[in-house]
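Fold and contact review
Chain by chain, the residues:
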Amino acid sequence: MERSALLSLYYQALQASEHSYSPYSHFPVGAAVLTEDGTIFTGANIENRSYGLSNCAERTAIFSAVSAGYKKICAIAIATPAAKYPVGPCGACRQVISEFASGNTPVFFGNTAESSVETTVSKLYPYDSLHELANIGD
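Overview of the structure. (Residues numbered from 1 in each chain as written. Predicted model: local features only at pLDDT ≥ 70, side-chain atom pairs only at ≥ 80, totals over all residues. Heavy atoms only, no water.)

A closer look at the sheet that holds strand β1 (residues 30–35)
- If you trace the 5 strands from one edge of the open sheet to the other, you get β2-β1-β3-β4-β5, paired in mixed fashion. This sheet does not close on itself; its edge strands, each paired only once, are β2 (40–44) and β5 (116–120). Within this sheet the neighbouring strands show an average axis-to-axis angle of 15°, counted without direction. (Pairing = 2+ DSSP bridges. Helix = DSSP H or I, 4+ residues; strand = E, 2+ residues; numbered from the N terminus. Axes fitted to C-alpha atoms, helices over the stretch in contact; angles between N-to-C directions.)

What follows is the structure, given as structure tokens:
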């Protein structure tokens, strides 16, 4: 995927971060996922005073896509504008991303577009049993 397309997806994630509900951490996050037909779903982190009931932006965006009938993600971008450096997805989000994306799916994240990381699901989550099991016999 071309960097310009990933940047466009990142800017949609950045815009989604404006809808974050983060009164406890003051750490807005936005995510945007691209589906096979070009549809983009966005999401923001939504906190709750009982932190375990909070939801990350990545999962919000992916769950929105799946709820609309999309089961495959072709790219994901994550924006963390309040951070001082690029912050990658948490472990729970990596697990959910890997459920709906292949190992070579682009993952783009950053606090700014200029200070960003471009990687793949496999590099972000190198020992993902779901993808390893799919490659048995290769």
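Now, onward.
Looking at unusual backbone geometry
- Positive phi outside glycine occurs at H26, with the angle close to 55°.
- Structurally, the position occupied by H26 is in the loop between α1 (3–17) and β1.

What to know about the pairing of strand β3 (residues 73–79)
- Among the 7 residues in β3, 6 count as buried, and that is most of the element.
- Relative to strand β4 (residues 106–110), β3 runs parallel, the two being bridged by 4 bridges. For A77, the partnering residue across the bridge sits in β4 and is F108.
- Taken together, β3, helix α3 (residues 91–100) and β4 form a β-α-β motif whose crossover is right-handed. (Buried < 20%, exposed > 50% of the residue type's maximum accessible area, 1.4 Å probe, protein only. Right-handed = clockwise from strand over helix to strand, strands pointing away.)

Focus: the environment of M1
- Its location among the elements puts M1 in the segment before α1.
- With 113 residues separating them along the chain, M1 and E114 place their C-alpha atoms 18 Å apart.
- The contacts of M1, once residues within four sequence positions are left out, are L6, L34, A75, P106 and E118. (Contact = heavy atoms within 4.5 Å.)

Examining the packing of helix α2 (residues 57–67) against α3
- Put simply, α2 and α3 touch, their axes get as near as 9 Å, and they point 25° apart. The orientation of α2 relative to α3 falls into the category roughly parallel. Judged by the sense of rotation from one axis to the other, the crossing of α2 with α3 is left-handed. Along the contact surface, α2 presents E58, R59, I62, F63 and V66, while α3 presents A92, C93, V96, I97 and F100. (Parallel < 35°, antiparallel > 145°, perpendicular 65-115°, else oblique. Left-handed = near helix turned anticlockwise from the far one by under 90°.)

Things to note about the nonpolar core
- Core analysis: the biggest nonpolar cluster contains 19 residues, and V33, I62, I73, I76, I78, I97 and V107 have the highest contact counts within it.
- Among the elements of the structure, β1, α2, β3, α3, β4 and α4 (121–124) are those that each provide at least two residues to this core.
- Of all hydrophobic cores here, the second largest spans 11 residues; its members include A13, A79, F108 and A113. (Core = buried A, V, L, I, M, F, W, Y, C linked by side-chain atoms within 4.5 Å.)

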